[in-house]
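Here is how the chains run, residue by residue.
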Amino acid sequence: SLTRYMLPSISDGSNDNLAVADASGLASVARTVVVISKIGSGAAYRAMLMKGSWGNGYGMTFRNSTTDFSFWVKGWSSGYVAVTNPAQYSAYIGRYDGSDVDLWTMNSSSYHGTNSGFGQTYDATGSLYLGTDSTKTYPWSGKIAEVLVYSRALTEAERLQLQAYIHEHYGLGD
């Protein structure tokens, strides 16, 4: 199933965030998460999206000190894929199929990275946070146009259809 959030109001990195109550489709292990956003300036570490906790969940985060954007599962420091120096305006597609963690970026220069054979399960109970982390310590600075959360890992054909949608609606990718 697909859960979709349109969030043009999340922008300043202070109090603009949204907590979505827990639902069965948000807690499944295999999933695909898509965020179209513009990275702003500000804090050293920022969370665009988080479900669960830093050590047991999934999320998308940006670290200013190393200029990397990452999609992670289970824990932010182990089951992740990161892109360094992402474009300011990008679409990020994170996919976890129960084994591999994948991240695609769509902007003027596309990227794909894989953390193969990770194969971890996690307990991502609690709310899905958009524009911050679960502790509200690391708010997002930038804009979030749209968030799509699929309760399963998309197939390669479905991912390519999703990229065509992003290109058509946001002009990102090729």
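Residues numbered from 1 in each chain as written. Predicted model: local features only at pLDDT ≥ 70, side-chain atom pairs only at ≥ 80, totals over all residues. Heavy atoms only, no water.

S.K.: Where do I start with the pairing of strand E9 (residues 101-106) in this structure?
M.R.: As a general feature of sheets, a regular strand has side chains that alternate between the two faces. For E9, the buried fraction is high: six of the six residues fall into the buried class. Both faces of E9 are covered, namely the face carrying Val 101, Leu 103 and Thr 105 and the face carrying Asp 102, Trp 104 and Met 106. When strand E8 (residues 89-96) meets E9, the two strands line up antiparallel, connected through six bridges. Within E9, the residue paired with Ala 91 across the bridge is Met 106. (Buried < 20%, exposed > 50% of the residue type's maximum accessible area, 1.4 Å probe, protein only. Helix = DSSP H or I, 4+ residues; strand = E, 2+ residues; numbered from the N terminus. Pairing = 2+ DSSP bridges.)

S.K.: For this particular structure, what's the right way to read the environment of Ser 65?
M.R.: Among the secondary structure elements, Ser 65 is positioned in the loop between strand E5 (56-63) and strand E6 (68-74). Classification of Ser 65 as exposed rests on a relative accessible area of 61%. Taking the C-alpha atoms as reference points, Ser 65 and Tyr 45, separated by 20 residues in sequence, lie 7.8 Å from one another.

S.K.: Got a minute to help me understand the sheet that holds strand E2 (residues 18-20) in this structure?
M.R.: Backbone-to-backbone hydrogen bonds join strands into a sheet, with any given pair of strands oriented parallel or antiparallel. In spatial order, the strands read E2-E11-E4-E5-E6-E7; together these six strands make up an open sheet with antiparallel pairing. A strand with exactly one partner marks an edge of an open sheet, and here the two such strands are E2 and strand E7 (80-84). Recorded for the sheet is a direction-independent mean angle of 10 degrees between the axes of neighbouring strands. With seven bridges connecting them, E5 and E6 associate as antiparallel partners. If you follow Gly 59 over to E6, its bridge partner there is Trp 72. (Axes fitted to C-alpha atoms, helices over the stretch in contact; angles between N-to-C directions.)

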